[in-house]
Amino acid sequence: MLAGCAASTQGSPVAKGGSTAQATTVASGPREPFDPCTIPKDAVTASGLDVSTERPDFAGLTTYPGWTNCTWDATGASAWHYLSVLSSINSIDDYLRSPQNQRQVPVQVGLRDAIRYNSDYQGDPPTGCDIVLDVSGNLIIFVVDTIGSEDTLGDPCVEVQKHAADLERYLPK
């Protein structure tokens, strides 16, 4: 709540007895999404991802206002997937209403409520799997999908759940 005076005042404002003050938070400009590339490199490595393959702005996502991302390939000779962590200032509810986000299932990531789903481009059976959660007003999406034309050698939903659980502690509270 904002209050003001209709006319100018002189002197210093003084609170009278019995009055209460309430803090008001005012945004100081446009909100920025969380930057997933700030997740510590040792945490990314511990999750089984190769930090040397880090790609900020995978697929040109940051050309869309309010979005940012970071992507890493899995490690190992038989690595078949990558993980993208996307962040946006958009609403999780609006995002999940999109018809492209299919087969939604409630899951937990750490202590946070989340939704696991498949995007329509991931096929049936899916070649990838996503987890979305709301983090302090940021939409965070963990995406696991196959690298290029590699075969899906594991369960993408198991992989995305593992990476999300490993990295969740580095997201904003």
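Worth saying up front: this structure is predicted, and the values here are computed from it rather than measured.

Before going further, it helps to spend a moment on the overall build of the protein chain. Helix and strand counts for the protein chain stand at three helices and seven strands. In the protein chain, which comprises 173 residues, the share counted as buried stands at 39%.

Position of Glu168 among the secondary structure elements: in the segment after helix 3 (156-167). One polar contact links Glu168 to Arg112, side chain to side chain, over a distance of 2.5 Å. Those residues in contact with Glu168 that lie beyond four places of it in its chain are Val109, Gly110 and Arg112.

Per the counting criterion, the structure on display carries two aromatic pairs. Aromatic pair Tyr95 and Tyr117: ring centres 6.0 Å apart, planes at 65°, arrangement edge-to-face. Linking Tyr95 in helix 2 (residues 92-96) with Tyr117 in strand 5 (residues 112-119), this pair joins segments that are 22 residues apart in sequence. Judged on exposure class, the residue Tyr95 and its partner Tyr117 are both buried. Among the aromatic residues, those joined into a ring-pair cluster are Trp67, Tyr95 and Tyr117.

Time to look at the environment of Asp145. Along the chain, the position of Asp145 falls in strand 7 (residues 138-146). Along the backbone, Asp145 and Asp130 are 15 residues apart, and their C-alpha atoms lie at a distance of 8.6 Å.

Moving on to the sheet that holds strand 1 (residues 49-56). Taken in spatial order, the seven strands of this open sheet run 1-2-3-7-6-5-4, and their pairing is antiparallel. Because the sheet does not close on itself, it has two edges, and the strands there are strand 1 and strand 4 (101-109). Put simply, the sheet's adjacent strands are angled 25° from each other on average, direction ignored. Relative to strand 7, strand 6 (residues 129-135) runs antiparallel, the two sharing seven bridges. By the bridge assignment for strand 7, Leu133 is matched with Ile140. Against the sheet, helix 3 contacts strand 1, strand 3 (81-88), strand 4, strand 5, strand 6 and strand 7, and its axis sits at roughly 140° relative to strand 7.

The next subject is the environment of Gln108. The residue Gln108 is located in strand 4 in this model. Put simply, Gln108 and Ile131 are 23 residues apart on the chain and 9.7 Å apart in space, counted from C-alpha to C-alpha. Sequence-distant contacts of Gln108, that is, excluding residues within four places in its chain, are made with Asp113 and Gln161. Looking at Gln108, its side chain comes within polar contact range of the main-chain oxygen of Arg112, at 3.4 Å.

Cut-offs applied
Residues numbered from 1 in each chain as written. Predicted model: local features only at pLDDT ≥ 70, side-chain atom pairs only at ≥ 80, totals over all residues. Heavy atoms only, no water. Helix = DSSP H or I, 4+ residues; strand = E, 2+ residues; numbered from the N terminus. Buried < 20%, exposed > 50% of the residue type's maximum accessible area, 1.4 Å probe, protein only. Polar contact = N/O pair within 3.5 Å; in protein donor to acceptor, adjacent residues only side chain to side chain. Contact = heavy atoms within 4.5 Å. Phe/Tyr/Trp six-rings, centres within 6.5 Å; stacked < 30°, edge-to-face > 60°. Pairing = 2+ DSSP bridges. Axes fitted to C-alpha atoms, helices over the stretch in contact; angles between N-to-C directions.

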